[in-house]
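Given next are the chains, with one letter for each unit.
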Amino acid sequence: MSSFLISFIASALLTLLVIRHGTLHRAALDNDLEGVQKVHARAVPRIGGLSIFIAVILTAAIAMWRTPPIGHGVLLLLICSAVAFLGGIVEDFTKRVSPSRRLLLTMTAAAMGYFLIDAKVERIDWLFSQWTISYLWITLPLTVLAVAGIANAINIIDGFNGLATVVTISMLMSLAYVALQVNDTFVLVAALIVAGAAAGFLVWNYPVGLIFLGDGGAYFLGFMLAELTVLLVMRNPQVSTWYAVLLLIYPAFETIFSAYRRLFLRGQSPGTPDGIHLHSLIFRRVVLWAVGGRDARAMNLRNAMTSPYLWLLSLMAVVPATAFWRHTWVLMVLSLLFVMSYVWLYARIVRFRSPRWMIFGKRKK
């Protein structure tokens, strides 16, 4: 756990430094308070990914000094991730990098990971068989789409204080646990380093939102999460590929469902931003009943109260995935149940029929 603690401390201190100086640079602030997906009441630095990225680099350097083979692998992974991080952090400062360009950079990073660290999707497990994929023209695009898709998905769910960060930390800790079970030291150490950096940032992000993850942080965490998942599953045949499916199903299905909703139900581009993601609906149609008022304090409280709903939703997949990481048929059934539960919950909330257990208070007059 030393890697986690070192990364945590470095990230917490670096994030504090960014907060202290980030407000001095207008370009680093998220001051668009009227956007369709904006739920904060004041300008906030949106470059939290910078402190996470630097903290991971520093901790990886220490790991390289202590255990050269592991440190070298983490260094190669960081070289790949830097490409995905670059598109996001430039967008955080300039707000001029389109979603398509960020996605293209992330796909480039995934292709680099394919060749540099052998992070490739080469098999798919089924109930009584296993599909082995040996053709480059299949494995390369499949890997690139999978990794870039998860990185983009983490960016999509990054709508409220602590939401994407806690979801990512829980998934990384699951990867670390399974890696420990199969003696994959590289994935274990790398997952703990990234989780520690994310936790250090979380200290200042939740609940008060002194700093935001930003596109740079979301793409970096999403890319690292996706790459480590691919590496763990593909390097260890005893880990079912459906472990990866169930582990990542919340952000992945949120992205797929949002694209379907926009394209087929609303006739819009899948990349068009809107305010009816599941987390946005919970904020507007569930949490608003618990916290009234329109001042900054009420806005921040509603923001912080939204994330735990989605943490629990994510844990409904992460916990069983961690428990049944080698049992393909169980993981397949649980993945189907999660999808059905998500669609049911979304349909209830969008029709103003939120389950009673979600409503824990009434709006103040």
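These numbers were taken from a predicted model, which means no experiment stands behind them. (Residues numbered from 1 in each chain as written. Predicted model: local features only at pLDDT ≥ 70, side-chain atom pairs only at ≥ 80, totals over all residues. Heavy atoms only, no water.)

Asks: I'm lost on unusual backbone geometry in this one. Help?
Replies: Peptide bonds are trans in most cases, and residues, glycine excluded, mostly fall at negative phi. Cis geometry is adopted by the peptide bond preceding proline 207, which originates at tyrosine 206 and carries an omega value of 5°. You can see proline 207 is positioned in the loop between helix 7 (185–205) and helix 8 (214–235). With phi around 60°, lysine 95 is a residue other than glycine that occupies positive phi space. In this structure, lysine 95 sits in the loop between helix 3 (68–94) and helix 4 (99–116). For lysine 95, a relative accessible area of 38% puts it in the partly exposed group. Its identity is not glycine, yet asparagine 183 carries a phi of approximately 60°, on the positive side. Mapped onto the elements, asparagine 183 comes out in the loop between helix 6 (163–181) and helix 7. Exposure remark for asparagine 183: the relative accessible area of 66% places this residue in the exposed category. (Helix = DSSP H or I, 4+ residues; strand = E, 2+ residues; numbered from the N terminus. Buried < 20%, exposed > 50% of the residue type's maximum accessible area, 1.4 Å probe, protein only.)

Asks: Help me out: how do you make sense of helix 5 (residues 136–157) in this one?
Replies: Residues spaced three or four apart along an α-helix face the same direction, because each turn holds 3.6 residues. Here helix 5 is 22 residues long and its end C-alpha atoms lie 31 Å apart, about the 32 Å a rise of 1.5 Å per residue gives. Along helix 5, the positions that sit buried rather than exposed are Thr139, Thr143, Val144, Val147, Ala148, Ile150, Ala151, Ala153, Ile154, Asn155, Ile156 and Ile157. (Expected span 1.5 Å × (residues − 1).)

Asks: How should the packing of helix 5 against helix 8 be read in this particular structure?
Replies: Each pair of packed helices can be described by the angle between their axes along with the distance between the axes. Running from N to C, helix 5 and helix 8 point in directions that differ by 140°, and their axes come no closer than 7 Å. With respect to their mutual orientation, helix 5 and helix 8 come out oblique. Both helix 5 and helix 8 take part in a crossing whose hand is right-handed. On helix 8, the residues touching Val147, Ile150, Ala151, Asn152, Ile154 and Asn155 of helix 5 are Asp215, Ala218, Tyr219, Gly222, Phe223, Leu225, Ala226, Glu227 and Val230. The class makeup of the residues in the contact of helix 5 with helix 8 is 10 nonpolar, 3 polar and 2 charged. (Axes fitted to C-alpha atoms, helices over the stretch in contact; angles between N-to-C directions. Parallel < 35°, antiparallel > 145°, perpendicular 65-115°, else oblique. Left-handed = near helix turned anticlockwise from the far one by under 90°. Contact = heavy atoms within 4.5 Å. Nonpolar A, V, L, I, M, F, W, Y, C, P; charged D, E, K, R; others polar.)

Asks: Honestly, the environment of serine 11 in this entry has me stumped. Any pointers?
Replies: Among the secondary structure elements, serine 11 is positioned in helix 1 (residues 2–22). Residues serine 11 and valine 194 lie 183 residues apart in sequence; the distance between their C-alpha atoms is 9.9 Å. Ignoring any residue separated from it by four or fewer positions in sequence, one finds serine 11 in contact with Ser51, Ile52, Ala55, Gly196, Ala197, Gly200 and Phe201. Side-chain polar atoms of serine 11 contact the backbone nitrogen of phenylalanine 201, separated by 3.3 Å. (Polar contact = N/O pair within 3.5 Å; in protein donor to acceptor, adjacent residues only side chain to side chain.)

Asks: Which parts of the structure should I look at to understand the pattern of salt bridges?
Replies: Side chains that carry opposite charge are capable of pairing whenever their charged atoms lie near each other. By the definition in use, this model includes 6 salt bridges. Among the ionic pairs, aspartate 92 bridges to arginine 46, the shortest N-O distance being 2.9 Å. With a gap of 46 residues between them, aspartate 92 in helix 3 and arginine 46 in the loop between strand 2 (44–45) and helix 2 (48–66) connect regions that are remote in the sequence. In this structure arginine 46 comes out as buried when scored by relative accessible area, which is 9%. For arginine 102, the salt bridge is made with aspartate 215, and the minimal N-O distance between the two is 3.5 Å. Taken as a pair, arginine 102 in helix 4 and aspartate 215 in helix 8 lie far apart in primary sequence, 113 residues in all. Take arginine 102: its relative accessible area is 8%, and that puts it in the buried class. (Salt bridge = Lys/Arg side-chain N within 4 Å of Asp/Glu carboxyl O.)

Asks: Explain the nonpolar core to me, please; I cannot follow it from the model alone.
Replies: What tends to happen in soluble globular proteins is that the nonpolar side chains get buried as a cluster. Core analysis: the biggest nonpolar cluster contains 108 residues, and Phe223 and Tyr243 have the highest contact counts within it. The element best represented in this core is helix 7, accounting for 15 residues. With near-sequence residues (within four places) excluded, tyrosine 243 lies in contact with Ser174, Leu175, Val178, Leu232, Val233, Ala321, Thr322, Trp325 and Leu331. (Core = buried A, V, L, I, M, F, W, Y, C linked by side-chain atoms within 4.5 Å.)

Asks: Sorry if this is basic, but what is going on with helix 11 (residues 278–285) here?
Replies: Burial runs high along helix 11: 6 of the 8 residues are buried. When helix 11 is considered as a whole, its buried residues turn out to be Leu278, His279, Ser280, Leu281, Ile282 and Phe283.

Asks: Quick question: what am I supposed to make of the side chain of serine 335 here?
Replies: One can find serine 335 in helix 13 (residues 328–350). A distance of 2.8 Å separates the side chain of serine 335 from the backbone oxygen of leucine 331, its partner in a polar contact. When residues no more than four places from it in sequence are discounted, the contact partners of serine 335 are Trp242, Val245, Leu246 and Ile249.

Asks: Looking at this model, I keep getting lost on the packing of aromatic side chains. Mind explaining?
Replies: The way to describe two aromatic rings as a pair is by their centre distance and the angle between their planes. Under the criterion given, the structure shown has 15 aromatic pairs. With a centroid separation of 6.1 Å and 40° between ring planes, the pair formed by tyrosine 135 and tryptophan 137 is classed as tilted. Exposure class is identical for tyrosine 135 and tryptophan 137. Each is exposed. Ring centres of tyrosine 342 and tyrosine 346 lie 6.5 Å apart, and the angle between their planes is 15°; this geometry places the pair in the stacked category. Note that tyrosine 342 and tyrosine 346 are positioned in helix 13 at a spacing of 4 residues, about one turn of the helix. The same class applies to tyrosine 342 and to tyrosine 346, which are both buried. An aromatic cluster is present here, built from Phe253, Phe257, Tyr342 and Tyr346 joined pairwise through their rings. Residue placement shows lysine 120 over the ring face of tyrosine 114; its charged tip is 4.5 Å from the ring centre. (Phe/Tyr/Trp six-rings, centres within 6.5 Å; stacked < 30°, edge-to-face > 60°. Lys NZ or Arg CZ within 6 Å of the ring centre and 35° of its normal.)

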